[in-house]
Amino acid sequence: MSDDTRGDDMTQNLREYLLEFEPEHLRLLLWAARQVAQGRPLSPERVKQRIAELGIAPDTVDQTLRELTEQDAQGQIIGALGLSLSSDHPHRVSVAGVSLAAWCALDTLFLPALLQQTVSIESPSPLTHTIVRLRVSPTRVEEISPASAVVSSVLVDPRREKLTSVEAVLSAVCRHVHFFATRAEAKQWANGREDIAILTVDEGFAREQQAWSRVFPELYTA
C-alpha cells in the first residue's frame, strides 16, 4: 500500500470517527481547546456551566470528555482536541505567546484552523532528536525548517481500536505520529511498518484540512 493510499485511508477514518460525535459535543470540545490555548486549565464547574449554556444533557457528554479531553488529578481539563498544557508531550507549540503542547505531530497542523490563530511549532525527531520547526497559519504552512521535513501518519480505525480515552489515543495513534528532518530518516524509523505513511508537511496539512473541514465547516470557509 502506497503512502498516498495509507494517508487517504487515515483521513477517511479520522473524518468518520469525528462525525460520530454529536455536533454540540464537538462545539464544547472546540470551546475547551480555545480556553486551553489561553494557558489556563478548565475547572469542572466552568465545564458544567458551559454544558448548560450549550443545552447539552450532562449525562450524554461524559464519554466524549473522556475520549477527547485530557484532565489532571483535580478533574480540570488541561487538554482538548490535541492541544495541551502538559509538558509530557514532545510537540511544543506557541499560540499568541502562550507555551503549550500537542498530542501528535499532525495535531499541530489542524490546530491553527480550530484556534483561528497562527501557531509556531518545535518538535524533535524520535530517531535523531533533530528539532523540526514550523509556522502554520489557519490556511497554510508558512515556514518549515529544515525544508526537507516530513511527518508520519498511522493507519488506525478508531472504531475498532476502541479509543475510549486520551490515553488510548496517545498509545494507538500519537506515539506513531512524528516530524522527521528528512524522508530517509522517517523511512528508517518506520522500516517494516505497513501501517505507517510518510507525508510531506504540506500533504499532512492538506489531509488534516480535509478531515476537519467536515467537522467544523464554518472555520474553513473563505
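In what follows, the structure referred to is the one given above.
Since this is a predicted model, take the numbers as computed values, not measurements.

Trainee: Break down the sheet that holds strand β11 (residues 196–200) for me, with residues and values.
Mentor: Taken together, three strands build an open sheet; the order of strands is β10-β9-β11 and the sheet is antiparallel. At either margin of the open sheet sits one strand with a lone partner, and together these are β10 (179–180) and β11. Inspection of the sheet shows strand β9 (residues 150–154) paired to β11 by five bridges, in the antiparallel sense. From the neighbouring strand, Val-154 faces β11, where its bridge partner is Ile-196. Against the sheet, helix α9 (residues 201–215) makes contact with β9, β10 and β11, and its axis sits at roughly 105° relative to β11, the strand it touches most.

Trainee: Give a description of the state of the cysteines that names residues and reports values.
Mentor: A complete count under the given rule lists one disulfide for this structure. Disulfide pairing places Cys-104 opposite Cys-174 at an S-S distance of 2.0 Å. Residues Cys-104 and Cys-174 share a disulfide whose torsion about the S-S bond is about -75°; that sign makes it left-handed. Placement of the pair is Cys-104 in the loop between β5 (98–102) and α5 (107–115) and Cys-174 in the loop between α7 (166–172) and β10, with a sequence separation of 70 residues. Judged by relative accessible area, which is 5%, Cys-104 ranks as buried.

Trainee: Give a detailed account of the layout of surface pockets, specifying residues and quantitative values.
Mentor: The calculated volume of the largest pocket comes to roughly 240 Å³. Forming the walls of the largest pocket are Pro-44, Val-47, Lys-48, Ile-51, Pro-58, Asp-62, Leu-65, Arg-66, Gln-71, Gly-75 and Ile-77. Those elements giving two or more residues to the lining of the largest pocket turn out to be α3 (44–53) and α4 (58–68).

How each quantity is defined
- Residues numbered from 1 in each chain as written.
- Predicted model: local features only at pLDDT ≥ 70, side-chain atom pairs only at ≥ 80, totals over all residues.
- Heavy atoms only, no water.
- Pairing = 2+ DSSP bridges.
- Helix = DSSP H or I, 4+ residues; strand = E, 2+ residues; numbered from the N terminus.
- Contact = heavy atoms within 4.5 Å.
- Axes fitted to C-alpha atoms, helices over the stretch in contact; angles between N-to-C directions.
- Disulfide = S-S within 2.5 Å.
- Buried < 20%, exposed > 50% of the residue type's maximum accessible area, 1.4 Å probe, protein only.
- 1 Å grid on protein atoms, 1.4 Å probe; cavity = no way out; pocket = protein on both sides within 12 Å on 5 of 7 lines; lining within 4 Å.
- Points joined across faces, edges and corners; volume = space filled by probe spheres on them.

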